[in-house]
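Geometric and topological summary
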Amino acid sequence: ARQVTGRAPVPAELADGPFLRACRRESVTHTPVWFMRQAGRSLPEYRKLREGIGMLDSCRRADLVTEITLQPIRRHHVDAAIFFSDIVVPLIAVGVGLDIVAGVGPVVDEPFGSAADLERLRPLEPDDVPYVTEAVGTLVGELGATPLIGFAGAPFTLASYLVEGGPSRTHARTKALMYGEPELWHALCDRLATISSAFLRVQIAAGASAVQLFDSWAGALSEADYRTYVQPHSARVLAEVGATGVPRIHFGVGTAELLPAMAEAGADVVGVDWRTPLATASSRVGPDRAVQGNLDPAVLLADERVVAEHVRRVLADGAAAPGHIFNLGHGVLPETDPGVLTRVVELVHEHSRREG
Ligand code: 1CP
C-alpha cells in the first residue's frame, strides 16, 4: 500500500494566491515570481547569519532555517518561499557520510559503486529530520498567505553525487554504472526515490504548499536513456507526492529534449532553463501543465535596461502557457546584486498586472 501523509486544510487566502493559482493553471491578478536559490549567498544578511556555521549545521538548526527562508521574502516580496535546506540533507539524515564543502558543494566520504553500498541507503523516517518538521511548521505560521515550497533532489541528480563522490561536469562514472550495471543502477535509484518521496512528504505533512523535485543534471542524458533509466523512479516520487494533492514542480537544466518526458513523469509545473523559450516549452509539455522560468541568471549582472528588456521577453513568452510562474532558468548567482532581484519582482508584478 502506498504510504500517504495527509495535511491540514489550506486557508483560502493562501490557496487563492497567484503562485498556487498559476500551478493549477487558473487566472491570476499578476504573474507570480520567486527565484531558485533566493535564500542564500547573494544576501548580506544571509552571509552574516552563516558566519562560522557550516552549511549542514545551518540546515539542521530550525531557527536558522526559518530565518534564512524568510530573508528573501522580507527583502524582495516574492510570491513564494523556498525552504532552506539542500538536496543532500535527507541522505545525511539516513547516515550517508557526506559534507557540503564551501565553494565546492556536496562531497561524499565513500562514493557508491557496488551492491553492498545499497545498505547505506535505508528509508527516511520523519524522526530522522525533526528540524525540518519544526522549521516548516514555524514558517507556515510566519508566512501567512505566502506559500512555502518544499523540495528534494530527484534520484538521478542524487545518484550523481553519490557515485561521483562530488560535483561532476560529465557524470561519466554515473553513466558508467547506469549503462554497465543497470540492475544495480535501478536498485540505487529505487532507494533514492524512497528517500526523496519521504523527504517531500515530511515537508508536506508539516505544511508546505507545493514541492519542487530538482533533477538538475538530468539534461546530461538523451531522451531515450532518461525514459529507460530515470523517468520510472522520478515518476514514483511524483506519484506518491501527488497523492497528497499539492502541486509538483519538476525542474532540470539543459532539458529541452526531455521536457515531454519530465512532464509525463507526473509534474503539474515544468521548470525550464533559459535555453528553451517558454512558448516552445509549453507546447512540448502540453496544455495540462504550467511552466516555470526562465530568465538567464547571468542577465541579472547586466544593466537595468537590459534586465527589464529580458523580463518583458520572458513574460511575453510565458503568456502563451496555460500557467506561468516567473523564475530564473537556474539558481541566483552568488555575485548578483540583491537590489536587482527586488527590481525584477517589481517589474514582473507591474508588467503582468491584470484585472481579477
Ligand atoms: O534558496 C534556495 O533555493 C534554497 C536552498 C537550496 C536549494 C534548493 C540550497 C542551499 N541547495 C538547494 C538545492 C540543490 N543543492 C541543488 C538543486 C538546485 C540546483 O540545481 O541549483 C543541487 C544540485 C545542490 C547541490 C549543491 N549544494 C551544490 C551544487 C554543486 C554542483 O554540483 O555544482 C552546492 C554548491 C551546494 C551547497 C549549497 N546548497 C545551498 C547553499 C546556500 C549552498 C552553498 C553553501 C556554502 O557554500 O556554504
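Quantities reported herein were computed from a predicted structural model and do not represent experimental measurements. (Residues numbered from 1 in each chain as written. Predicted model: local features only at pLDDT ≥ 70, side-chain atom pairs only at ≥ 80, totals over all residues.)

1. Quick word on the site of the ligand
Close to the ligand lie 21 residues; Ala39, Gly40, Gly105, Pro167 and Ser216 are nearest. Across the shell around the ligand, the residue classes break down as 12 nonpolar, 6 polar and 3 charged. (Near = placed C-beta within 6 Å. Nonpolar A, V, L, I, M, F, W, Y, C, P; charged D, E, K, R; others polar.)

2. As for the UniProt feature "binding site: substrate" (unreviewed entry) in the chain
In the numbering used here, UniProt assigns the feature "binding site: substrate" (unreviewed entry) to Arg37, Gln38, Ala39, Gly40, Arg41, Asp86, Tyr161, Ser216 and His330. Taking the farthest pair of C-alpha atoms as the criterion, the annotated set spanning 294 residues is dispersed, since that pair is 22.6 Å apart. Along the chain, Arg37 falls in the loop between helix H2 (18-23) and helix H3 (44-50). For Arg37, the residues in contact, after removing those within four places along its chain, are Gly331 and Val332. With respect to the secondary-structure elements, His330 resides in the loop between strand E9 (324-328) and helix H15 (338-352). Note on His330: 22 C-beta atoms within 10 Å, which makes it buried. Once residues within four sequence positions are removed from consideration, His330 is found in contact with Met36, Val253, Asp273 and Pro297. (UniProt positions renumbered as here; feature names shortened; annotations may be inferred. Helix = DSSP H or I, 4+ residues; strand = E, 2+ residues; numbered from the N terminus. Contact = placed C-beta atoms within 7 Å. Buried ≥ 20, exposed ≤ 12 C-beta atoms within 10 Å, placed from the backbone.)

3. Details of helix H5 (residues 62-76)
Under the 1.5 Å per step criterion, the end-to-end length of H5 is 22 Å for 15 residues, consistent within 8% with the ideal 21 Å. For H5, every residue scored as buried is listed here: Val65, Thr66, Glu67, Ile68, Thr69, Gln71, Pro72, Ile73 and His76. Contact partners of the buried residues in H5: H3, helix H4 (55-59), strand E1 (81-82), helix H7 (130-143) and H15. Note on H5: the residue one or two positions beyond its end, His77, has a positive phi of about 55°. (Expected span 1.5 Å × (residues − 1).)

4. Overview of the UniProt feature "site: Transition state stabilizer" (unreviewed entry) in the chain
Per the UniProt record, the feature "site: Transition state stabilizer" (unreviewed entry) sits at Asp86. Assignment of secondary structure puts Asp86 in the loop between E1 and helix H6 (89-93). Look at Asp86 and you get partly exposed, because 18 C-beta atoms sit within 10 Å. Look past the residues within four positions of Asp86 in its chain and what remains in contact with it is Met55, Cys59 and Ile100.

5. Section: the sheet that holds strand E8 (residues 290-295)
With parallel pairing, the 7 strands of this open sheet are ordered in space as E1-E4-E5-E6-E7-E8-E9. Each having just a single partner strand, E1 and E9 make up the two edges of the open sheet. When strand E4 (residues 148-153) meets strand E5 (residues 210-214), the two strands line up parallel, connected through 5 bridges. Note that in E5 the partner of Phe151 across the bridge is Gln212. Along the sheet, helix H10 (residues 182-205) makes contact with E4 and E5, crossing E4 at roughly 165°. Sitting on the sheet, helix H14 (residues 304-318) touches E8 and E9, and the angle it makes with E8 is about 160°. (Pairing = 2+ DSSP bridges. Axes fitted to C-alpha atoms, helices over the stretch in contact; angles between N-to-C directions.)

6. Topic: helix H13 (residues 278-285)
Along H13, the positions that sit buried rather than exposed are Leu278, Ala281, Ser282, Arg284 and Val285. Taken around the axis of H13, the buried residues stretch over an arc of 160°, which confines them to a single face. In this structure, the buried side of H13 is in contact with helix H12 (259-264), strand E7 (269-271), E8, H14 and E9. Count one or two residues on from H13 and you reach Gly286, which has phi positive near 90°. (Arc of directions from axis to C-beta.)

7. Re the pairing of E5
Among the 5 residues of E5, 5 are classified as buried, and the element is accordingly described as predominantly covered. Side-chain alternation along E5 places Ala210, Gln212 and Phe214 on one buried face and Val211 and Leu213 on a second face that is also buried. Summarising the sheet, E5 and strand E6 (residues 248-251) pair through 4 bridges and their orientation is parallel. Across the sheet, Gln212 pairs through a bridge with Ile249, a residue of E6. This β-α-β element, E5 to helix H11 (residues 223-242) to E6, shows right-handed connectivity. (Right-handed = clockwise from strand over helix to strand, strands pointing away.)

8. Comments concerning the nonpolar core
Membership of the largest hydrophobic core comes to 106 residues, with the highest contact counts inside it found for Val136, Ile149, Ala208, Val211, Ala218, Val270 and Val291. If you tally residues by element for this core, the top one is H10, at 11 residues. (Core = buried A, V, L, I, M, F, W, Y, C linked by C-beta atoms within 7 Å.)

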